[in-house]
Structure formats: C-alpha cells, structure tokens
Amino acid sequence: MFDLCRHAYNITKSELINILVSRAQKQERSTYPPDKLSSFALVYHYIGRLASHIRAPQQLVNDTGHFIQVLESYKVCAIPYLPCEPRPVPDGQTTLHGILNRMLARGDPERARIEESLLHMDTQSGFLDTYMDQYNRCTPQIHAEVQALEHFYMRKLSFVGNDPYIACSKPACLCCELYFKYHPARMVIPESHRKVWIKWGAPLVTSSKKSDPEYQRQLKVLNGMTAEIRQMAIAQILGQSSSTPWHPDSRTGISHDRWSYFDPGDIVDDTPRHTTVEATLGEQATGTGSQVASRPDQGGANRSDEDSDSDIGGVSVIIGDS
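Focus on the packing of helix H9 (residues 174-182) against helix H10 (residues 213-237)
When two helices pack together, their arrangement is given by the angle between the helix axes and by the axis-to-axis distance.
Alright, step 1. Here H9 crosses H10 at 130°, and the two axes come no closer than 9 Å. In terms of axis orientation, H9 runs oblique to H10. Here H9 and H10 pass one another in a crossing that is right-handed. Here Leu174, Cys175, Leu178, Tyr179, Lys181 and Tyr182 of H9 lie close against H10, whose contacting residues are Arg217, Gln218, Val221, Gly224, Met225, Glu228, Ile229 and Met232.
Alright, step 2. By residue class, the composition of the contact of H9 with H10 is nine nonpolar, two polar and three charged.

Next up, the structure:
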C-alpha cells in the first residue's frame, strides 16, 4: 500500500497530471452525463487521495516549527460519546402528500404547483420508495464535528487563540453545516460539500419539557435547519435550482503548479452548492462522520478520509428527474 501511495504522489509531480486535467475538462464540457464525473476526473481524484497519505505527513512535519508551543503541551484524548435521537418510525402520513403538509403552511398559494411537480418527479424516478427503503435500514449517527461542537459548548471550553473552529478530515455535510450555523455556540461554520446523508442524526435531548433550556436550544437549532432545508427543497422542486452533479465529499488535494486549486467538483460550471431532500428533519438520519483534525489551509485542504457514498458512509439523496 505504501508503494502505491508513493507512486501516486510521484505522479502528482509529473506532466501526467496536466494531461488528466486537460482531458477531464474536455470530456466534462462535451456530452458527458451531467450527474457523473468523467473517468479522467475520477482518476485524477483518486490519485490525489492516494498521494495524500504521503503528502499529509510531510506537511505535518514541515509545519511543526510554527506550532511548537502547541506541540509541547498538547494532549490527545477521546471525547465522551453523545447518544443520538432515535430514528422516527414512518407512519401513514409518510407520503408525498403528508410531507408537503408538514413543509407548507395551510393555504400556501404554491401548494398545487409544488405537489404537481413533486408527483411528476416521483413518477419519473420513484425517489420516495428508494429513499424509504434506505431510511428503514439506517441507524442514525451523530457526525464527528457535531460531537466536538457539543463537547466544547456544554463544558464551556476555550479554543487556542480564541479561534472557535472545529476542523475535520473532510468538508462537512449539509446538515452539519446548518447545525453549526444555527447553534448558539457561534462556531466558525465549516466548509461543506453539501451532500445530505440519510443517517444524519441530532444529539439526544433527554427532557421533552418546553421549559427545559436544552430542549429549547435544540428546538431552535432544528427549526432553523428545517426552515432553510425547506426553502432549498421547494426551490429545487419548482425548478429554480437543479440537483448538484455527483462530486466527491473529500478534496483531491493535489498541489501542482497552476492546477493546485483544481478539484473534480469544480469542472462543471454554474452548479448550485446543495443536494436537497424532503425538508422534514424527522425523516433524515446520518452517514458516518469524519475524524476531527486540524484547520485546513485555504487552497484546497488535505483530507485523510475517503469518499463514502455507501451504506457505511451514508446515502446521498437527490430530488430530481432521473
């Protein structure tokens, strides 16, 4: 495995990378299906992921001189595990009609148009049956960055340099991004690949009393998330935005001359930044989180986790025509 990673790292320094980029861009701009990356772009990405196992340790060693005060006093430890809210059990209202009842206000003037578009999309792709099949087999999990956020917030811990930033080995998913956005901790909102995982779950709230501060805090966070996801879903249903073409949930991370900022997800121009699902958070759950790591640089961070479009890492749910 080491030899393979070393070989990939050497390739990133060669002219072959420029050839891959050129062919990937040419293929993406021709007649390649919009919901897929070209073979050349995927090869480029996977070479970068393999090479990162050589590049990342080297970068860490090179950066040690800038963080001597931290490295001389650091301590690595596991944080306590947070229990997750259980998966809501589907019932007779878990239908497209029932979902719209929860998404829209009574008498919404756009209700008929939204429902017509949604039913047409389901007729074309059968996405609700596919989603429910995956949902019924999933177990909710709290992603790593949310676990770390709650650990710092509940214990009133301070950050080095007063920098309230929690970094992970890959960009955050859409739900984690929104959880940070609406959380009272006022953390730096993480970079996000904006995919949605069925297995995403929120921390368990033990009290259901409306007077309980923890209950009120979580309710406010989830209501904020729900409202924003609802608007994304409605915009996509009405054709005001299209679903994002498939893209990796980790950065390629190749720093190579003028291609240092190139990433397969950037090949397709003018694509929206989100992939949306039904906006009822009660019907969402999670994929696995990422390992908490160090703050990335601004030029395409080096990531250590691989892409996880699987039952293990979560399932990307897209509303759109097939």
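Now that the structure has been shown, we can carry on.
So, unusual backbone geometry
Alright, step 1. Even without being glycine, lysine 156 reaches a positive phi, approximately 55°.
Alright, step 2. Looking at the element boundaries, lysine 156 is found in the loop between helix H8 (144-155) and strand E1 (167-168).
Alright, step 3. The phi torsion at arginine 194 lies on the positive side, around 65°, for a residue other than glycine.
Alright, step 4. When you line up the elements, arginine 194 lands in the loop between H9 and H10.

Remarks on the pattern of salt bridges
Any two side chains of opposite charge can pair, on the condition that their charged atoms come close.
Alright, step 1. What the rule picks out here adds up to six salt bridges.
Alright, step 2. A salt bridge links aspartate 133 to arginine 137; its shortest N-O distance comes to 3.3 Å.
Alright, step 3. Look at aspartate 133 and you get partly exposed, because its relative accessible area is 45%.
Alright, step 4. For glutamate 177, the salt bridge is made with arginine 194, and the minimal N-O distance between the two is 2.8 Å. Of the two residues, glutamate 177 sits in helix H9 while arginine 194 sits in the loop between H9 and H10, which places them 17 residues apart along the sequence. Arginine 194 carries the same exposure label as glutamate 177, and that label is buried.

Section: the packing of aromatic side chains
Alright, step 1. On inspection of all chains with the given rule, the structure shows three aromatic pairs.
Alright, step 2. Ring geometry for tyrosine 131 versus tyrosine 135: centroids 6.0 Å apart, planes at 15°, classification stacked. Note that tyrosine 131 and tyrosine 135 are positioned in helix H7 (residues 127-136) at a spacing of four residues, about one turn of the helix. In this structure, tyrosine 131 and tyrosine 135 share a single accessibility class: buried.
Alright, step 3. Ring geometry for phenylalanine 152 and phenylalanine 159: centres 4.4 Å apart, planes at 20°, overall stacked.
Alright, step 4. You can call phenylalanine 159 buried: its relative accessible area is 19%.

Notes on the nonpolar core
Alright, step 1. With 25 residues, the main nonpolar core has Ile166, Tyr179, Trp200 and Met225 as its most contacted residues.
Alright, step 2. Every element with two or more residues in this core is listed here: H8, H9 and H10.
Alright, step 3. Looking at this core element by element, the count peaks at six residues for H9.
Alright, step 4. By size, the runner-up hydrophobic cluster in this structure holds 19 residues, among which are Ile99, Ile114, Ile237 and Leu238.

Quick word on a nonpolar patch on the surface
Alright, step 1. Nonpolar side chains collect at one region of the surface, where Phe67, Leu71, Tyr74 and Val76 lie side by side and expose about 440 Å² of accessible area between them.
Alright, step 2. As for its placement among the helices and strands, tyrosine 74 is situated in the loop between helix H4 (68-71) and helix H5 (96-103).

Quick notes on the confidence of the model for the protein chain
Alright, step 1. Per-chain confidence: the protein chain averages 75 in pLDDT, with 72% of residues scoring 70 or above.
Alright, step 2. Model confidence for the protein chain, summarised as mean pLDDT per element, is weakest for strand E2 (residues 292-293) at 40 and strongest for H9 at 96.
Alright, step 3. In this model, residues 256-322 is a region of pLDDT below 50 whose contacts with residues beyond four sequence positions or in other chains number 230 contacts.

Overview of the side chain of arginine 217
Alright, step 1. Position of arginine 217 among the secondary structure elements: in helix H10.
Alright, step 2. Contacts of arginine 217, omitting those with residues within four sequence positions, involve Glu150, Tyr153, Tyr179, His183 and Pro184.

A closer look at the environment of proline 88
Alright, step 1. Position of proline 88 among the secondary structure elements: in the loop between H4 and H5.
Alright, step 2. The exposure class assigned to proline 88 is partly exposed, which follows from its relative accessible area of 36%.

Focus on the packing of helix H2 (residues 15-28) against helix H3 (residues 39-63)
Alright, step 1. In contact at an axis separation of 7 Å, H2 and H3 are set at 145° when each is read in the N-to-C sense. As for the relative orientation of H2 and H3, their crossing is left-handed in sense. Judged by residue contacts, Ile17, Leu20, Val21, Arg23, Ala24, Gln27 and Glu28 of H2 engage Ser39, Phe40, Ala41, Val43, Tyr44 and Ile47 from H3.
Alright, step 2. Its residues placed into classes, the contact of H2 with H3 shows nine nonpolar, two polar and two charged.

Section: H2
Alright, step 1. Relative to the 20 Å expected for 14 residues at 1.5 Å per residue, H2 spans 20 Å between its end C-alpha atoms, a close match to the ideal helical length.
Alright, step 2. Residues Ile17, Asn18, Leu20, Val21, Ala24, Gln25 and Glu28 constitute the buried set of H2. Summarising the axial view, the buried residues of H2 lie within an arc of 160°, below the 170-degree limit, and thus occupy one face. In this structure, H2 carries Glu15 and Lys26 as exposed residues pointing more than 90 degrees from its buried face.
Alright, step 3. Here the buried face of H2 lies against helix H1 (2-12) and H3.

Thresholds applied
- Residues numbered from 1 in each chain as written.
- Predicted model: local features only at pLDDT ≥ 70, side-chain atom pairs only at ≥ 80, totals over all residues.
- Heavy atoms only, no water.
- Axes fitted to C-alpha atoms, helices over the stretch in contact; angles between N-to-C directions.
- Helix = DSSP H or I, 4+ residues; strand = E, 2+ residues; numbered from the N terminus.
- Parallel < 35°, antiparallel > 145°, perpendicular 65-115°, else oblique.
- Left-handed = near helix turned anticlockwise from the far one by under 90°.
- Contact = heavy atoms within 4.5 Å.
- Nonpolar A, V, L, I, M, F, W, Y, C, P; charged D, E, K, R; others polar.
- Salt bridge = Lys/Arg side-chain N within 4 Å of Asp/Glu carboxyl O.
- Buried < 20%, exposed > 50% of the residue type's maximum accessible area, 1.4 Å probe, protein only.
- Phe/Tyr/Trp six-rings, centres within 6.5 Å; stacked < 30°, edge-to-face > 60°.
- Core = buried A, V, L, I, M, F, W, Y, C linked by side-chain atoms within 4.5 Å.
- Patch = residues over 30% accessible without salt bridge, like charges linked within 9 Å, V, L, I, M, F, W, Y side chains within 5 Å.
- Areas by Shrake-Rupley, 256 points an atom, 1.4 Å probe, with all protein chains shown as cover.
- pLDDT = per-residue confidence, 0-100.
- Expected span 1.5 Å × (residues − 1).
- Arc of directions from axis to C-beta.

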